[in-house]
Amino acid sequence: MEKWYELPEAGLIIEPGSAAKYKTGSWRSRRPIWDKDRCTSCLTCWIYCPDSSVIVENHKVMGINLDYCKGCGICANVCPPKVSAIKMDEERR
Ligand code: SF4
Ligand code: SF4
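For every chain, the first residue of the written sequence is number 1, and numbering continues from 1 along that sequence. Chains carry letters from A onward and ligands carry numbers from 1 onward, assigned in written order. Per-residue local features are limited, in this predicted model, to residues with pLDDT of at least 70; the limit for side-chain atom pairs, both in listing and counting, is 80 or more; totals at the level of whole chains, interfaces and linings are taken over all residues. To get the side-chain values, all heavy atoms of the structure are used, and hydrogens and water are removed first.

A. Structural detail: the site of ligand 1. Neighbouring residues are identified by heavy atoms, a residue being near a molecule or strand if any of them is within 4 Å of it. Taken together, Cys 49, Pro 50, Asp 51, Ser 53, Ile 64, Cys 69, Lys 70, Gly 71, Cys 72, Gly 73, Ile 74 and Cys 75 make up the full set of residues near ligand 1. Classification used: nonpolar for Ala, Val, Leu, Ile, Met, Phe, Trp, Tyr, Cys and Pro, charged for Asp, Glu, Lys and Arg, polar for all others including Gly. Its residues assigned to classes, the shell around ligand 1 shows seven nonpolar, three polar and two charged.

B. Geometry of the site of ligand 2. If you check the shell around ligand 2, you find 14 residues, and the closest are Cys 39, Cys 42, Leu 43, Cys 45 and Cys 79. A class-by-class count of the residues in the shell around ligand 2 yields 11 nonpolar, three polar and no charged.

C. Structural view of the pairing of strand E2 (residues 54-57). Inspection of the sheet shows E2 paired to strand E3 (residues 60-64) by four bridges, in the antiparallel sense. Bridged to Ile 55 within E3 is Gly 63. Any two strands with at least two DSSP-identified bridges between them are counted as paired. A run of H or I in DSSP counts as a helix once it spans at least four residues, and a run of E counts as a strand once it spans at least two, with each numbered from the N terminus. Hairpin geometry of E2 and E3 is characterised by an intervening segment of two residues between the two adjacent antiparallel strands and by a positive phi of about 50 degrees at Asn 58.

D. Summary view of unusual backbone geometry. Although it is not a glycine, Ser 41 adopts a positive phi angle of roughly 55 degrees. Of note, the phi angle at Leu 43 is positive, near 70 degrees, even though the residue is not glycine.

E. A look at a nonpolar patch on the surface. A grouping of Trp 46, Ile 47, Tyr 48 and Ile 74 is seen on the molecular surface, where their side chains present a nonpolar patch of about 430 Å² in accessible area. Among the elements that take part in the nonpolar patch, helix H1 (residues 44-48) stands out by supplying three residues, more than any other. Tracing the sequence through the fold places Ile 74 in helix H2 (residues 74-78). Judged by relative accessible area, Ile 74 falls into the partly exposed class, the value being 31%. A patch is a set of surface residues, each over 30% in relative accessible area and not in a salt bridge, joined within 9 Å for like charges and within 5 Å for the nonpolar side chains Val, Leu, Ile, Met, Phe, Trp and Tyr. To measure how exposed things are, a 1.4 Å probe is used in the Shrake-Rupley method; for residues, cover is taken only from the protein chains shown. Whenever Lys or Arg places a side-chain nitrogen within 4 Å of a carboxyl oxygen from Asp or Glu, that contact is recorded as a salt bridge. Working definition: with a 1.4 Å probe on protein chains only, accessible area under 20% of the residue-type maximum means buried, over 50% means exposed, and in between means partly exposed.

F. Representation of the pattern of salt bridges in the model. Tallied over the full model, the rule gives six salt bridges. The residue Lys 23 makes a salt bridge to Asp 67 at a minimum N-O spacing of 3.8 Å. One end of the pair, Lys 23, is in the segment before strand E1 (30-34); the other, Asp 67, is in the loop between E3 and H2, with 44 residues separating them in the sequence. Here Asp 67 falls in the partly exposed class, since its relative accessible area comes to 36%. One salt bridge in this structure joins Lys 70 and Asp 51, with 2.5 Å as the shortest N-O distance. Of the two residues, Lys 70 sits in the loop between E3 and H2 while Asp 51 sits in the loop between H1 and E2, which places them 19 residues apart along the sequence. Judged by relative accessible area, which is 23%, Asp 51 ranks as partly exposed. Taken together, the salt bridges that share partners define one network made up of Arg 28, Arg 31 and Glu 91.

Printed below as a string of structure tokens:
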């Protein structure tokens, strides 16, 4: 643990690529519920997710990484209405 006088002035983050260190999903108020049986792996949600939280392996959606998902709901909005594989729900902690 760094001491206060070792921290950069003004709390600046001075190293690049540090976003992965911060689990930004902790302040989510809504959570996406993904239905694997309805999902066609069209990958539209993966393209649009601003937090790169849609997990894709071998061109297939495998789930949502809730450590980083902020609950914006974009994935649910762009999922094709014919399948509607993602629904937003209230976050319950
Ligand atoms: S709710 Fe937003 S951040 Fe979370 S997976 Fe969907 S698009 Fe990404
Ligand atoms: S947009 Fe919907 S159907 Fe397409 S990959 Fe995402 S969850 Fe699956």
